[in-house]
Amino acid sequence: DTGVSQNPRHKITKRGQNVTFRCDPISEHNRLYWYRQTLGQGPEFLTYFQNEAQLEKSRLLSDRFSAERPKGSFSTLEIQRTEQGDSAMYLCASSRNQGALYNSPLHFGNGTRLTVT
Amino acid sequence: QKEVEQNSGPLSVPEGAIASLNCTYSDRGSQSFFWYRQYSGKSPELIMFIYSNGDKEDGRFTAQLNKASQYVSLLIRDSQPSDSATYLCAAGDDNTNAGKSTFGDGTTLTVKP
């Protein structure tokens, strides 16, 4: 168990630019989640995958955000035309699906801190 | 109204005391509940999870769940300065769609030596 890995750790970009983040989950975990966290707030759900299928995307999420998990392993989160309000910590987490009744605990990566200037 | 509510704190307790953290949730269908600890500048890490009504103990930590009252709590016994952190409560989706977890905004705990 090498843990969840996220890259880059920090990203500074100018408003209007596109950015892409990568997440490598724990290898035996079939679920992968993206959350966003700002100072003083709890993690806010963005989207999650089971294997390569994107099962849910937050209704609050702008169309500028897109995520993929092409082979059911690593995932990428892209933000197009970044805005200053996108500045946040982007957290990836993975879990092993226990079935339909209960959620499994999340294992978080160290996050990617995005600053939009 | 947020789906998962926590007192933001800060909660301050002396070293060796019991810290009590509380959380309420709005989705009656939720079956899974979690407590995560988050140190400043770090990512959340799991402390405990609980699925059934009642108490669940793990070392100095006890999670309590009351589904009728939609209430979850975390007790930390013999609090240590290293327990100073933000504690996040999370509730899983309802039992027909066990997907994401929804987080509260956390309670900041300070344990004073």
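One structure accompanies this document, and this report is about it. (Residues numbered from 1 in each chain as written. Chains lettered and ligands numbered in written order. Predicted model: local features only at pLDDT ≥ 70, side-chain atom pairs only at ≥ 80, totals over all residues. Heavy atoms only, no water.)

Considering the overall build of chain B
And step 1. Broken down by element type, chain B carries 0 helices and 11 strands.
And step 2. Each helix and strand of chain B, placed in order from N terminus to C terminus, yields the pattern β-β-β-β-β-β-β-β-β-β-β.
And step 3. In terms of overall dimensions, chain B is globule-like: its C-alpha atoms have a radius of gyration of 14 Å, near the 13 Å expected for 113 residues.
And step 4. Taking the principal axes of its C-alpha atoms as reference, chain B extends roughly 45 × 30 × 20 Å.
And step 5. Among the 113 residues that make up chain B, the fraction classed as buried is 48%.
And step 6. For chain B, restricting intrachain contacts to residue pairs at least 6 apart in sequence, the fraction spanning at least 24 positions comes to 54%.
And step 7. Accessible area of chain B: about 5100 Å², with a carbon and sulfur share of 46%. (Helix = DSSP H or I, 4+ residues; strand = E, 2+ residues; numbered from the N terminus. Rg over C-alpha atoms; globule rule 2.2 N^0.38 Å. Buried < 20%, exposed > 50% of the residue type's maximum accessible area, 1.4 Å probe, protein only. Contact = heavy atoms within 4.5 Å. Areas by Shrake-Rupley, 256 points an atom, 1.4 Å probe, with all protein chains shown as cover.)

What about the interface of chain B and chain A?
And step 1. Across the boundary between the two partners, chain B contributes 22 residues, which contact 24 residues of chain A.
And step 2. For the pair chain B and chain A, the interface holds 1 salt bridge.
And step 3. Close ionic contact of A:Glu56 with B:Lys100 constitutes a salt bridge, the shortest N to O distance being 2.9 Å.
And step 4. At the surface where chain B touches chain A, the tally comes to 10 residue pairs in polar contact (both at pLDDT 80 or more). (Salt bridge = Lys/Arg side-chain N within 4 Å of Asp/Glu carboxyl O. Polar contact = N/O pair within 3.5 Å; in protein donor to acceptor, adjacent residues only side chain to side chain.)

Some words on the sheet that holds strand β3 (residues 19-25) of chain B
Residue and element names in this part refer to chain B.
And step 1. Here we have 5 strands laid out as an open sheet, ordered β1-β3-β8-β7-β6, and antiparallel in their pairing. Looking at the sheet topology across the chains shown, the edges are occupied by β1 (4-6) and β6 (54-58). Each neighbouring strand pair of the sheet contributes to a mean axis angle of 20°, computed without reference to strand direction.
And step 2. Sheet topology note: the strand β7 (residues 61-66)/strand β8 (residues 71-76) ladder contains 6 bridges and is antiparallel. By the bridge assignment for β8, Asn 66 is matched with Tyr 71. (Pairing = 2+ DSSP bridges. Axes fitted to C-alpha atoms, helices over the stretch in contact; angles between N-to-C directions.)

Side note on the sheet that holds strand β7 (residues 65-68) of chain A
All names here are of chain A.
And step 1. The 4 strands lie next to each other as β1-β3-β8-β7, forming an open sheet whose pairing is antiparallel. One side of each edge strand has no neighbouring strand; the edge strands of this open sheet are β1 (5-7) and β7. Ignoring which end each strand starts from, the neighbouring axes of this sheet average 15° apart.
And step 2. Note: β1 against strand β3 (residues 19-24), 3 bridges, orientation antiparallel. Note that in β3 the partner of Asn 7 across the bridge is Arg 22.

Regarding the environment of B:Leu74
All names here are of chain B.
And step 1. Of note, Leu 74 is situated in strand β8.
And step 2. With 15 residues separating them in the primary sequence, Leu 74 and Cys 89 have C-alpha atoms 9.0 Å apart.
And step 3. Setting aside anything within four residues of it in sequence, one finds Leu 74 in contact with Ala 19, Ser 20, Leu 21, Trp 35, Met 48, Phe 61, Thr 62, Ala 63 and Tyr 87.

Some points on the pattern of salt bridges
All names here are of chain B.
And step 1. In the structure shown here, the tally under the stated rule is 10 salt bridges over all chains.
And step 2. Residue Lys 100 pairs with Asp 93 through a salt bridge whose shortest N-O separation is 3.4 Å.
And step 3. You can call Asp 93 buried: its relative accessible area is 9%.

Some remarks on the side chain of A:Ser94
Residue and element names in this part refer to chain A.
And step 1. Within the secondary structure layout, Ser 94 lies in strand β9 (residues 88-95).
And step 2. We classify Ser 94 as buried; its relative accessible area is 0%.
And step 3. Here the side chain of Ser 94 touches Ile 26 through a polar contact of 3.4 Å, landing on its backbone nitrogen.
And step 4. Of the polar contacts made by the side chain of Ser 94, one reaches the side chain of His 29; its length is 2.8 Å.

Quick look at the state of the cysteines
Residue and element names in this part refer to chain A.
And step 1. Tallied over the entire structure, the rule returns 2 disulfides over all chains.
And step 2. Between the sulfur atoms of Cys 23 and its disulfide mate Cys 92 the distance is 1.9 Å. Residues Cys 23 and Cys 92 are joined through a disulfide that is left-handed, its torsion about the S-S bond being -70°. Placement of Cys 23 in strand β3 and of Cys 92 in strand β9 is noted, with a sequence separation of 69 residues between them.
And step 3. Looking at Cys 23, the relative accessible area reads 0%, which means it is buried. (Disulfide = S-S within 2.5 Å.)

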